[in-house]
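Working through the structure, step by step
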Amino acid sequence: MSESGGTDLSATLRRIERAAGALATASVVRMDETLPWFRELPADQRSWVMLVAQAGARSLVQWLRAGGGTGEGTQEVSDEVFAAAPQALARSITLQQTVALIKVTIDVVEERVDELAAPGEEPQLREAVLRYSREIAFAAARVYARAAESRGSWDARLQALLVDALLRGDSPDVLASRAAALGWTDAPPVAVAVGPSPGGEVAAVLHTVYRQARRIGVEVIGGVHGDRLVIVLGGAADPVAATGKLLTAFRDGPVVVGPAVPSLDEATESARAALAGYRAAPAWPAAPRPVHAGDLLPERALAGDADARRRLRHDVYAVLVRSGGELLETLDAFFAAGGTLESAARALYVHPNTVRYRLRRISEVTGFSPLAPRDAFALRVALTVGRLDPVVPTQTLAPPAGKRSQHGDDQRQSL
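Residues numbered from 1 in each chain as written. Predicted model: local features only at pLDDT ≥ 70, side-chain atom pairs only at ≥ 80, totals over all residues. Heavy atoms only, no water.

The chain is annotated in an unreviewed UniProt entry as PucR family transcriptional regulator of Micromonospora lutea. Checking UniProt for the chain, the heading Sequence similarities (unreviewed entry) contains the comment "Belongs to the CdaR family." (UniProt positions renumbered as here; feature names shortened; annotations may be inferred.)

A look at the environment of Arg 251
Tracing the chain through its elements places Arg 251 in the loop between α11 (239-244) and β4 (256-257). Expressed as a C-alpha distance, the spacing of Arg 251 and Pro 196, which sit 55 residues apart in the sequence, is 5.3 Å. What Arg 251 contacts, discounting residues up to four positions off in sequence, is Pro 196, Ser 197, Pro 198, Asp 227 and Arg 289. In terms of polar contacts, Arg 251 uses its side chain to reach the backbone carbonyl oxygen of Ser 197, at 2.4 Å. (Helix = DSSP H or I, 4+ residues; strand = E, 2+ residues; numbered from the N terminus. Contact = heavy atoms within 4.5 Å. Polar contact = N/O pair within 3.5 Å; in protein donor to acceptor, adjacent residues only side chain to side chain.)

As for unusual backbone geometry
For residues that are not glycine, phi is negative in most cases, and the peptide bond is trans in most cases. The residue after Pro 188, namely Pro 189, is reached through a cis peptide bond having omega -10°. By the element assignment, Pro 189 lies in the loop between α9 (172-181) and β1 (190-196). Of note, the bond from Arg 289 into Pro 290 is cis; its omega dihedral lies within 30 degrees of zero at 5°. The topology assignment puts Pro 290 in the loop between α12 (267-280) and β5 (291-292). Non-glycine residue Tyr 349 carries a positive phi angle of around 60°. Looking at where Tyr 349 falls in the secondary structure, it is placed in the loop between α16 (341-348) and α17 (352-366). The class of Tyr 349 is exposed, set by a relative accessible area of 77%. (Buried < 20%, exposed > 50% of the residue type's maximum accessible area, 1.4 Å probe, protein only.)

Re the environment of Ala 193
Looking at where Ala 193 falls in the secondary structure, it is placed in strand β1. Accessibility expressed as a relative area gives 0% for Ala 193, which makes it buried. Separated by 82 residues in the primary sequence, Ala 193 and Leu 275 have C-alpha atoms spaced 8.4 Å apart. Beyond its immediate chain neighbours, meaning those up to four positions away, Ala 193 contacts Leu 229, Val 230, Ile 231, Leu 233, Thr 243, Val 256 and Val 257.

Considering the confidence of the model for the chain
Overall, the predicted model of the chain reaches an average pLDDT of 82, with 80% of residues at or above 70. Averaged pLDDT values for the elements of the chain fall to 52 in helix α4 (residues 74-79) and rise to 98 in β4. For residues 1-7, every residue scores under 50 in pLDDT, and the model assigns this stretch 15 contacts once sequence neighbours within four places are set aside. Under a pLDDT of 50 for its full length, residues 404-415 has, in the predicted model, 22 contacts with residues more than four places off or in other chains. (pLDDT = per-residue confidence, 0-100.)

Remarks on the side chain of Thr 12
In this fold, Thr 12 is placed in helix α1 (residues 10-34). Relative accessible area serves as the criterion here: at 0%, Thr 12 is assigned to the buried category. Reaching out from Thr 12, the side chain makes a polar contact with the backbone nitrogen of Ala 118 at a distance of 2.9 Å. If we ignore the near neighbours within four places in the chain, the residues touching Thr 12 are Leu 116, Ala 117, Ala 118, Glu 121 and Leu 125.

Comments concerning the pattern of salt bridges
Inspection of the entire model under this criterion finds 15 salt bridges. The partner of Glu 127 in a salt bridge is Arg 131, and the shortest N-O contact between them spans 2.8 Å. Of this pair, Glu 127 and Arg 131 both sit in helix α8 (residues 122-168), four residues apart, which is roughly one turn of the helix. A residue is classified by how much of its surface remains accessible, and Glu 127, at 46% relative accessible area, is partly exposed. For the salt bridge of Arg 358 with Glu 326, the shortest nitrogen-to-oxygen distance reads 3.7 Å. With Arg 358 in helix α17 and Glu 326 in helix α15 (residues 325-336), this pair connects stretches of sequence that are 32 residues apart. Since its relative accessible area comes to 12%, Arg 358 is described here as buried. According to the relative accessible area criterion, Glu 326 is partly exposed, its value standing at 40%. One network of salt bridges, with partners in common, ties together Glu 269, Arg 300, Asp 305, Asp 307, Arg 310 and Arg 311. (Salt bridge = Lys/Arg side-chain N within 4 Å of Asp/Glu carboxyl O.)

Section: the packing of aromatic side chains
As enumerated under the stated definition, the model contains two aromatic pairs in all. Plain terms: the ring middles of Phe 334 and Phe 335 are 6.2 Å apart, the flat faces sit at 50° to each other, and that makes the pair tilted. Looking at Arg 374, its charged tip hangs above the ring of Trp 284, at a distance of 3.5 Å from the centre. Positioned over the ring face of Phe 335 is Arg 380, at 4.3 Å from the centre of the ring. (Phe/Tyr/Trp six-rings, centres within 6.5 Å; stacked < 30°, edge-to-face > 60°. Lys NZ or Arg CZ within 6 Å of the ring centre and 35° of its normal.)

Observations regarding the sheet that holds β1
Reading across the sheet, the five strands line up as β2-β3-β1-β4-β5 and stay open at both edges, with mixed pairing between neighbours. What marks the edges here is a single partner per strand, and that holds for β2 (219-225) and β5. With seven bridges connecting them, β2 and strand β3 (residues 228-234) associate as antiparallel partners. Note on β3: the bridge partner recorded for His 225 is Arg 228. The strands touched by helix α10 (residues 202-216) within the sheet are β2 and β3, with β2 carrying the most contacts at an inclination of about 155°. Packing against the sheet, α12 makes contact with β1, β3 and β4, and its axis sits at approximately 25° to β1. (Pairing = 2+ DSSP bridges. Axes fitted to C-alpha atoms, helices over the stretch in contact; angles between N-to-C directions.)

Description of the side chain of Glu 299
Within the fold, Glu 299 resides in helix α13 (residues 297-302). On the basis of relative accessible area, Glu 299 is assigned to the buried category, the value being 5%. Excluding residues within four positions of it along the chain, Glu 299 makes contact with Ala 280, Ala 283, Trp 284, Arg 374 and Phe 377.

Quick word on α15
Between the first and last C-alpha of α15 there are 16 Å, a value that for twelve residues agrees with the 16 Å anticipated at 1.5 Å per step. All of the buried residues in α15 are Leu 327, Leu 328, Thr 330, Leu 331, Ala 333, Phe 334 and Phe 335. The elements touched by buried residues of α15 are α14 (306-322), α16, α17 and α18 (373-388). Immediately downstream of α15, the backbone of Gly 338 shows phi near 70°, a positive value. (Expected span 1.5 Å × (residues − 1).)

This is the structure in structure tokens:
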């Protein structure tokens, strides 16, 4: 080969063409000897590697004839090496493993330079093989980059379909099939978070979510639904705390987390609560970020969320009615007195300690403390909703499921 890049290795090229099959076989044997993971590959994937090795030897000849790294079209010749195997090979073998395969093949060729090169052409062939190995490495990187882009776009579309199905309340079978295609393991508990999307390319938005989720060890599926970013979290013991570590994926604005459910099959309930909370969140400017959908029950009820109205009516108003009229009467008097305990006691003709006891009982049976401003607001809305639609079920109801445990002793004023 001349210094200008012209090819004068005609005899060597003919030798390499004749030896292509033997070089591929020797390379695969060496891979089997030196790479433990290669021995564990299925037979069809090993045969694909053999095809790639054979194509590599033929491509070396074409590459040299095209100018040996200086002529036009050398990139295309190098990329064609990997066209011999299906794209599935890129999903089965990592880029690092591909580089190891290339190194083994190049080592085998370099060891046989004296056999392959015509007399006097050994130095030119060694130099050409070194340059060609660089081209092949770049070609592998291009193949994997294209595969990653294609897979990222496909995953983004598939996740968008899953999010749409979740928000529509599609059947569990539809959710399960689409989630399985994305590798979702359904680690419990599962919760849905909704917040403003940062905009831009959807794949880039989801990539940010995945990167952060891997750092905190939770499973996620995400999708952009209009101007909202919807994230399904799995395996987070505290979904609100986990969402708090993903906030940089959202644009500024409220981020609402639905209640935790056992599996993706039931995540529609969490999604509906999160969406309703997101729509109602502007009514509580001081809300924490993220905020649990259960903490927005009064705002959701005022915004027309039927589920929030039902919870307040059944889990608060109905519970007070069944607990005896004195609790409801005391709560009315306490609110009428502007939250002044002594004034409420005088209006009821009872001792202030009696009012204290009844307020404590209200807190115990409803999960809302009349002495905490936020809880008092929820209780007022619950009384209003209950009296507008006074449907009181006869069965015993559990404490309000939508109410967050964070409204415990650490956030309530002691009674």
